[in-house]
Amino acid sequence: RLRIGQGERCWVVVSSTGDERAARKALAPVNCQEQLDDTIDYWERWAAFCTYQGPYRAEVLRGTLTLKLLTYEPTGALVAAPTTSLPEQIGGLPQLGLPV
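Residues numbered from 1 in each chain as written. Predicted model: local features only at pLDDT ≥ 70, side-chain atom pairs only at ≥ 80, totals over all residues. Heavy atoms only, no water.

Student: Just checking my understanding: could you explain the pattern of salt bridges for this structure?
Tutor: Opposite charge on two side chains lets them pair, provided their charged atoms get close. What the rule picks out here adds up to two salt bridges. Among the salt bridges present, the one from Glu20 reaches Arg24, with a minimum N-O distance of 2.8 Å. Here the residue Glu20 and the residue Arg24 both occupy positions in helix α1 (residues 20-26), the gap between them amounting to four residues, near one helical turn. Accessibility expressed as a relative area gives 56% for Glu20, which makes it exposed. Asp41 is the partner of Arg45 in a salt bridge, and the nearest nitrogen-oxygen pair spans 2.9 Å. With Arg45 and Asp41 both in helix α2 (residues 32-47), this residue pair falls four residues apart, about one helical turn. You can call Arg45 partly exposed: its relative accessible area is 48%. By relative accessible area, which is 36% here, Asp41 ends up partly exposed. (Salt bridge = Lys/Arg side-chain N within 4 Å of Asp/Glu carboxyl O. Helix = DSSP H or I, 4+ residues; strand = E, 2+ residues; numbered from the N terminus. Buried < 20%, exposed > 50% of the residue type's maximum accessible area, 1.4 Å probe, protein only.)

Below you can see the structure in the form of structure tokens.
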């Protein structure tokens with residue numbers, strides 16, 4: 001359980017590996033803010049290549065970013081279908097009692 005107050009920031013790292021050396025490396029202290037800044041910079045630079053200027057530009061860009069996030073970079077293949085886990089109706093899966 002993790003409790004933080006308003007205005008506080010806490011970094012959480014999740015990693016999975018079967019190799020002890022890789023696990024130690026994954027858990028080594030890092031500058032999380034610097035990594036976040038690098039990640040934001042990467043995605044902002046990537047999004048800047050979007051030349052579409054028509055209606056719904058923000059939605060087109062968001063959809064493009066979603067597809068990029070689902071892409072396996074070495075091959076360009078989609079790693080998952082974007083809709084595999086979406087409910088078929090607005091409001092979730094009421095028959096299972098699951099909200100969206």
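Moving on, there is more to tell.
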